[in-house]
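# Working through the structure, step by step
Listed below are the residues making up each chain.
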Amino acid sequence: MSGYNIVWALLGVAVVCSLAYVFTPKSNEQTVIRTVIIMSLICCYIMWAITYLAQLHPLIFPRKVGLRPPHESPHA
């Protein structure tokens, strides 16, 4: 896991958005179709990036407290 995955994914989403913009079929709703495709890709990327970064650098670290009582030697 590295931070460069965020950049590579952003570049991939930018390429797909560009392709969607260029190859959207001509119609009366061409602007709506382009907007829906591009906004969907951007929203999915943002959700993925937030989830990925939250796992990459967690704000709260787990604590090992109360898992088991401490082991006491019977010879003490």
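Everything in this summary refers to the structure shown in the same document.

About the criteria used
Residues numbered from 1 in each chain as written. Predicted model: local features only at pLDDT ≥ 70, side-chain atom pairs only at ≥ 80, totals over all residues. Heavy atoms only, no water. Patch = residues over 30% accessible without salt bridge, like charges linked within 9 Å, V, L, I, M, F, W, Y side chains within 5 Å. Areas by Shrake-Rupley, 256 points an atom, 1.4 Å probe, with all protein chains shown as cover. Salt bridge = Lys/Arg side-chain N within 4 Å of Asp/Glu carboxyl O. Helix = DSSP H or I, 4+ residues; strand = E, 2+ residues; numbered from the N terminus. Buried < 20%, exposed > 50% of the residue type's maximum accessible area, 1.4 Å probe, protein only. Contact = heavy atoms within 4.5 Å. Axes fitted to C-alpha atoms, helices over the stretch in contact; angles between N-to-C directions. Parallel < 35°, antiparallel > 145°, perpendicular 65-115°, else oblique. Nonpolar A, V, L, I, M, F, W, Y, C, P; charged D, E, K, R; others polar.

## A short note on a nonpolar patch on the surface
Together, Val15, Leu19, Tyr21, Val22 and Phe23 give the surface a local cluster of nonpolar side chains, amounting to about 540 Å² of exposed area. Considering the arrangement of structural elements, one finds Tyr21 in helix H1 (residues 4–22).

## Section: the side chain of Thr24
Considering the arrangement of structural elements, one finds Thr24 in the loop between H1 and helix H2 (30–56). Residue class for Thr24 comes out buried when judged on its relative accessible area of 7%. Thr24 has contacts with Gln30, Ile33 and Arg34, leaving out every residue within four places of it along the chain.

## Some points on the packing of H1 against H2
The interhelical angle for the contact between H1 and H2, taken along N-to-C directions, is 175°, at an axis separation of 9 Å. Taken together, the axis directions place H1 and H2 in an arrangement best described as roughly antiparallel. Here H1 contributes Asn5, Ile6, Ala9, Leu10, Val13, Val16, Cys17, Ala20 and Tyr21 to the contact with H2, which in turn contributes Arg34, Ile37, Ile38, Leu41, Ile42, Tyr45, Trp48, Ala49, Tyr52 and Leu53. Each residue belonging to the contact of H1 with H2 can be placed in one class, and the counts come to 17 nonpolar, 1 polar and 1 charged.

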